[in-house]
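# Results of the structural survey
Below, each chain spelled out in residue letters.
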Amino acid sequence: MIKELTDCNTRLSSQRKKRQISPDLAPSEAVESYSQLSSHPLHKTNKPGILSVDVHQEKDLILTGGVDANAVILDHNSGEIVSTLSGHSKRVNSVKFVPQGDYVLTGSSDKTVKIWQANGDGIYECKHTGREHTGEVRAVTVHATNNYFVTASSDKSWCFYDLAYGDCLTQVTEPSMQDGYTSASFHPDGLILGMGTAESLVRIWDVKSQANVAQFEGHSGPVTDISFSENGYFLATAAQDGVKLWDLRKLKNFRSFSPYEAGTPTNAVEFDFSGNYLAIAGSDIRIYQVASVKQEWNTIKVLPDLSGTGSISSVRFGPLAKYLAVGTADRNLRVFGVPTASETA
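Computed from a prediction, not measured in an experiment: that's the story for all the values here. (Residues numbered from 1 in each chain as written. Predicted model: local features only at pLDDT ≥ 70, side-chain atom pairs only at ≥ 80, totals over all residues. Heavy atoms only, no water.)

## Considerations on the overall build of the protein
Scanning the protein for helices and strands turns up three helices and 28 strands. Relative to the globule expectation of 20 Å for 345 residues, the C-alpha radius of gyration of the protein, 19 Å, shows essentially globular dimensions. Every one of the 345 residues in the protein was classed for burial, and the buried ones make up 56%. For the protein, contacts bridging at least 24 residues in sequence account for 48% of all contacts bridging at least 6. (Helix = DSSP H or I, 4+ residues; strand = E, 2+ residues; numbered from the N terminus. Rg over C-alpha atoms; globule rule 2.2 N^0.38 Å. Buried < 20%, exposed > 50% of the residue type's maximum accessible area, 1.4 Å probe, protein only. Contact = heavy atoms within 4.5 Å.)

Shown next as structure tokens:
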């Protein structure tokens, strides 16, 4: 397994140096023209709230996890629900597509993670349930091999799972923590793991040795979300005080954004797949043009909270940054993007 992870890292690291931005990526002028394209009432009225969103970049499917304990898969192009995943007993805090294979992962406050797989009819069935955690599962992140994933929990531990069999291969506990993990993401090359904590820390783990190799301080409040750029050396972290950008080459914070008033947390942060754009969400959504460490990162677009709840919980860019999928504290998934000819007609 270690060899598989190392080989994957070597391959992806070498590819990253030659990485080309797609000519079909939405230009900044298109992102500036983003408006709401659609709204989809996917979750229950009596238990509103979308806590997590993910987008399948190849199939153009959108996945949501809700307070109502369900996860829902939506076909972005048709606007039709593909499948509703029911099986958790409490809210679904984190959802992820596995980019290869018809797998979906859901982490819940019921202390479990579920592995779902599509059958021949496109209906997703639960194949495995992981029950290693003694606290709520707050984050799920998929390794670049698409063969493994990690869960992060309020029980002060993270688990490394085999996807095909649903086995927890190792569980790493950090007794010194007070209130466990709040967010998690693999680096795109797969050998380091970023974890946000309730104590305002960002911990960087070496996956092979399960050693905590770095720790970033400076946030206030729980670290609500983290996102690695596909360039391999930028990390964005969100918390009560806004967003911090870190240069992994020097392990330093090089820029901070405080977009909201004191008391309004930043709930989500997301680099698009190209690494050209960064979305930040709290009481509204702000999209920035990614620049270098020394250059200014300019705001391209501010999108309002149309739910009326004042809380945007999750954002994910669609393929080629053509749209942004948004989860809020009501039951509706909203899609903002560049209007097509049919949508403006």
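## Topic: the UniProt feature "repeat: WD" (unreviewed entry) in the protein
Per the UniProt entry, the sites bearing "repeat: WD" (unreviewed entry) are residues 85-117, 174-215 and 216-256 in this numbering. Split by type, residues 216-256 is 0% helix and 54% strand. Its first and last C-alpha atoms lie 13 Å apart. (UniProt positions renumbered as here; feature names shortened; annotations may be inferred.)

## Here's the deal with the side chain of E270
By secondary structure assignment, the location of E270 is in strand β22 (residues 268-271). Residue classification places E270 among the buried residues on the basis of a relative accessible area of 12%. Setting aside residues no more than four positions away along its own chain, E270 makes contact with S227, Y277, L278, A279, V315, R316 and F317.

## Notes on the packing of aromatic side chains
In this structure the tally under the stated criterion is 11 aromatic pairs. Between F254 and W297, the aromatic rings sit 6.0 Å apart at their centres with planes inclined by 50 degrees, giving tilted as the arrangement. Of this pair, F254 sits in strand β21 (residues 252-257) while W297 sits in the loop between β24 (285-289) and β25 (299-303), placing them 43 residues apart in sequence. Comparing F254 with W297, the two get one shared label, buried. Feature note: the residues Y233, F234, F254, F271 and W297 constitute an aromatic cluster, connected by ring pairs. (Phe/Tyr/Trp six-rings, centres within 6.5 Å; stacked < 30°, edge-to-face > 60°.)

## Quick notes on the pattern of salt bridges
Here the structure, examined in full by the defined rule, presents nine salt bridges. Across the pair D7 and K3 runs a salt bridge, and its minimum N-O distance is 2.7 Å. On the criterion of helical spacing, the pair formed by D7 and K3 is a turn pair, its members being four residues apart in helix α1 (residues 2-17). Here K3 falls in the exposed class, since its relative accessible area comes to 60%. For R138, the salt bridge is made with E136, and the minimal N-O distance between the two is 3.6 Å. (Salt bridge = Lys/Arg side-chain N within 4 Å of Asp/Glu carboxyl O.)

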